[in-house]
Amino acid sequence: MNPDIPTSDAPGTVDYASTFRPGRALTNTGASPFAQMRGVNMDAVRWTKGFWAEKFDLCRATMVPNMWRLLSDTQFSHAYNNFLVAAGLVEGRHRGPKWNDGDFYKWLEAAAYVCGLTRDKDLDALIDEVAELLGKVQRPNGYIHTPVIVAEKSDGAADRAFGERMDFETYNLGHLMTTGCVHYRATGKTNLLDPARKAADFLVDYFKTARADLARNAVCPSHYMGAVEMYRTTGEERYRELARNLIEIRDLFKDGGDDNQDRIPLREQTEAVGHAVRANYLYAGVADVYMETGDATLLDTLNALWKSVVFEKMYVTGACGALFDGASPYGVKDQASITRTHQAYGRQYELPNVTSHNETCANIGNAIWNWRMLQITGEGRFADVMELVFYNSLLCGIGLDGKSFFYTNPMRVLKDQPYPLRWSRRRQPYIGCFCCPPNAVRTIAEMNSYAYSVSEDAVWVHLYGSNALETDLPDGGKIALEQETDYPWDGRVRIVVRSAPSPDFALMLRIPGWAQGASIRVNGQATDAEIKPGDYCVLKRRWAAGDAVELDLPMPVRFLEANPLVEETLNQVAVQRGPIVYCLESADLPEGVGVLEVRVSPDTVFTPRMDSELLAGERVVVLEGKAQRIPQGEWGGTLYRDVRTPESETIDIRLVPYYAWGNRSEGEMTVWMPKR
């Protein structure tokens, strides 16, 4: 049996692990020939206290069980019940979106990961029950998709697999594949890996003879990532070739559109377009394929698309997908090539505030894409974007209570909006399109896997938070580190070496792009290593137990402005401290003052203050200061009026972290504030 895999006496225990690849990393790149680093095992990092320890505890105690309650209760969701119907255990029809299977698998992945870290016997037993149910639903050929299976049971119709492009079959199957791999690595059991592997084999066989136009069924292509992880788990090349071929056949279809990123061949794309979740999942999957094949044309494409997103289309919070509805391509003579886009990237610099969409799944897609680009290159710019998402546009999607949700993550909310918006700007206990909440939960559960990586003679530190690390270098050398910090509220980080191999190795400390003036001391002495914001500082030496590294990342309050081509933020500023983007809520203003009446300037002095009472017990740093209020007055339904010069008044204001907005009374909110 592979010693890297935990053992279990419960149903579904590993029986063929010795034939599989070693390693239990979330993204298991240990044998990926074109990755510069590899992830550490899922249980190598343990949060000990502070920000991410508190988030994981909330995930374990509230998020995962509450989400099971929602998904299994037909008063809210039919996601679990659809499997019961498909298995013939209860009567009924399929209800809910056709992508509900995939959303259920995301919750299952979160549950599997938490179970692997906590060894929770009740959760383990629940996962076993679900695995048994999946076995009853899955066809002998590996196909499993409850909308189709239930429909065929009810009317006896012929095989409908891949009959409808928008049935989201490959999206669902992809999340099953990923979940099976995660569960196996976390627990050592194969009872979820088995159906996941059968699903992958179904796709392998199906796409040997499938028509080219079926490439368009790659809607939200999670199956690219799923197929590569199946290859990384089993070492069986047919799964790697499946992922590679799925990319190639995209270019065979001639009548695609920008919403699905298939209007032009992938390698010719230089601009991020269309549905932002589909785009970011695609880019992450392509990055996975590059790590296994080394196809330089894919990496060239990814770098061009990254620049398009980060330099022209990404919000200050790391969020993606500005438009709920749009059309693309823009400004072309060939009108027939223009198609509707949905939940999508817009034009360059088209970043509205009030109508900003920013689906949580798209933001998570941005983070996992950048995680893969980081593993490929070792470049700090990718870690910067990943961290920006984690602390802002990921966490915003789930309430501080762990059981209320946003589908969208807008930059501004106003009380007087004359037009309807599709999705609520208030946190909800359940959302009809439930793809984002389980995606957020699985990402929070797995956050420890993003903290470190290793390479031949180095340990890479990507995220800061109090934790303990025990891992091996690729040559077998064992390393134990302990990190102490109150990050993201305080930029002081202390890393103590608890054990180290005898040869020299490097600690690669990420210096965030915002951390001007960062300093490092080793055993009390200043280092002469290069410290460059947006890069990794290389500390290579012979380390010994007890050695201590002190990293100081200054966290001044920063005022940001956008490129003037972003019309909706002209003459406005946003505020950031460390990795945290802040916002202004009407709850923190004098009664009757609207958020657009408040004027700040780069001269405004904000004082950071730790607060544990304001936001439902959440421990946060708030920013307090004074600003000018310029009353807007009544517009009376007019569109234009003469410029007025009303008297201003000085008021007290308080800014809160963007991720924590909407957890108090209903009111207004803005990230971008008018500049005085």
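Before reading further, recall that the structure is shown in the block above.
Below, the structure is looked at part by part. (Residues numbered from 1 in each chain as written. Predicted model: local features only at pLDDT ≥ 70, side-chain atom pairs only at ≥ 80, totals over all residues. Heavy atoms only, no water.)

## Side note on the overall build of the chain
Within the chain, the regular secondary structure consists of 14 helices and 25 strands. Overall, the chain is about 75 × 65 × 50 Å in size when its C-alpha atoms are taken along their principal axes. The burial tally for the chain puts 62% of its 676 residues in the buried class. For the chain, long-range pairs separated by at least 24 residues make up 70% of all intrachain contacts whose partners lie at least 6 apart in sequence. Where the 73 positive side-chain charges of the chain centre and where its 89 negative ones centre are 1 Å apart. (Helix = DSSP H or I, 4+ residues; strand = E, 2+ residues; numbered from the N terminus. Buried < 20%, exposed > 50% of the residue type's maximum accessible area, 1.4 Å probe, protein only. Contact = heavy atoms within 4.5 Å. Lys, Arg positive; Asp, Glu negative; His and termini not counted. Charge placed at Lys NZ, Arg CZ, Asp CG, Glu CD.)

## What about the sheet that holds strand β13 (residues 519-522)?
One open sheet accounts for seven strands, arranged β2-β9-β10-β11-β16-β13-β14; its pairing is antiparallel. Each end of this open sheet is capped by a strand with a single partner; those strands are β2 (45-47) and β14 (525-526). Alignment of β13 against β14, held across two bridges, turns out to be antiparallel. Pairing of valine 522 across the sheet is with glutamine 525, part of β14. (Pairing = 2+ DSSP bridges.)

## Thoughts on the layout of surface pockets
Of the pockets and cavities examined, the largest pocket occupies roughly 1,100 Å³. Class assignment for the residues of the lining of the largest pocket results in 13 nonpolar, six polar and ten charged. The calculated volume of the second largest pocket comes to roughly 810 Å³. Around the second largest pocket, the lining comprises 30 residues; the ones closest to its centre are Val310, Met314, Tyr315, Val316 and Leu388. Going through the elements one at a time, α11 (296-313), α13 (380-394) and β17 (557-560) are the ones with two or more residues in the lining of the second largest pocket. In terms of residue class, the lining of the second largest pocket is built from 17 nonpolar, six polar and seven charged. (1 Å grid on protein atoms, 1.4 Å probe; cavity = no way out; pocket = protein on both sides within 12 Å on 5 of 7 lines; lining within 4 Å. Points joined across faces, edges and corners; volume = space filled by probe spheres on them. Nonpolar A, V, L, I, M, F, W, Y, C, P; charged D, E, K, R; others polar.)

## Structural notes on the packing of helix α8 (residues 222-234) against helix α10 (residues 276-293)
The N-to-C vectors of α8 and α10 enclose an angle of 30°; their axes lie 7 Å apart at closest approach. With respect to α10, the axis of α8 lies roughly parallel. The way α8 lies across α10 gives a crossing that is left-handed. Counted together, Ser222, Tyr224, Met225, Val228, Tyr231 and Arg232 of α8 and Tyr281, Leu282, Ala284, Gly285, Asp288, Val289, Met291 and Glu292 of α10 form the full contact between these two elements. Residue composition of the contact of α8 with α10, by class: nine nonpolar, two polar and three charged. (Axes fitted to C-alpha atoms, helices over the stretch in contact; angles between N-to-C directions. Parallel < 35°, antiparallel > 145°, perpendicular 65-115°, else oblique. Left-handed = near helix turned anticlockwise from the far one by under 90°.)

## Description of empty space enclosed by the protein
Following the criterion strictly, the structure yields three cavities of 30 Å³ or more and no others. Quantified by volume, the largest cavity comes out at close to 200 Å³. Glu109, Thr178, Ile368, Arg372 and Arg442 are, among the 16 residues lining the largest cavity, the residues nearest its centre. Mapped by element, the contributors of at least two residues to the lining of the largest cavity are α6 (169-187), α8, α12 (360-377) and α14 (436-445). Looking at the lining of the largest cavity residue by residue, the class counts come to six nonpolar, five polar and five charged.

## Re the state of the cysteines
Enumeration over the complete set of coordinates arrives at zero disulfides. Cysteine 320 forms no disulfide, and the closest cysteine sulfur to it belongs to cysteine 361, at a distance of 12 Å. The class for cysteine 320 is buried, based on a relative accessible area of 0%. (Disulfide = S-S within 2.5 Å.)

## Re the pairing of strand β8 (residues 458-461)
Here β8 shows no split at all, with Ala458 and Trp460 on one side and Val459 and Val461 on the other all buried. As judged from the four bridges shared by strand β7 (residues 452-455) and β8, these two strands associate in the antiparallel manner. Each residue of the ladder has a partner; that of tyrosine 452, found in β8, is valine 461. Between β7 and β8, which pair antiparallel one after the other, the connecting turn spans two residues. With four bridges joining them, β8 and strand β12 (residues 505-511) adopt parallel strand pairing. Paired with tryptophan 460 across the bridge in β12 is methionine 508.

## Considering helix α1 (residues 51-72)
Structurally, the α-helix is built with 3.6 residues per turn, so residues lying three or four positions apart point the same way. Given a rise of 1.5 Å per residue, 22 residues ought to cover 32 Å, and the 30 Å separating the end C-alpha atoms of α1 matches this to within 8%. Within α1, the axis deviates most sharply at cysteine 59, by approximately 45°. (Expected span 1.5 Å × (residues − 1). Bend = angle between axes of the 7 residues up to and from the residue.)

## A word on the pattern of salt bridges
Under the criterion given, the structure shown has 49 salt bridges. Residue arginine 139 is joined to glutamate 152 by a salt bridge in which the shortest nitrogen-to-oxygen separation is 2.4 Å. You can see arginine 139 sitting in the loop between α4 (121-137) and α5 (146-155) and its partner glutamate 152 sitting in helix α5, a full 13 residues away along the chain. For arginine 139, a relative accessible area of 17% corresponds to the buried category. Residue glutamate 152 is classed as buried on the basis of its relative accessible area of 15%. Close ionic contact of aspartate 652 with lysine 626 constitutes a salt bridge, the shortest N to O distance being 2.5 Å. Taken as a pair, aspartate 652 in strand β23 (residues 649-657) and lysine 626 in strand β22 (residues 620-629) lie far apart in primary sequence, 26 residues in all. What emerges from the salt-bridge pattern is a single network uniting Glu585, Asp588, Arg609, Asp611, Glu624, Arg654 and Arg664. (Salt bridge = Lys/Arg side-chain N within 4 Å of Asp/Glu carboxyl O.)

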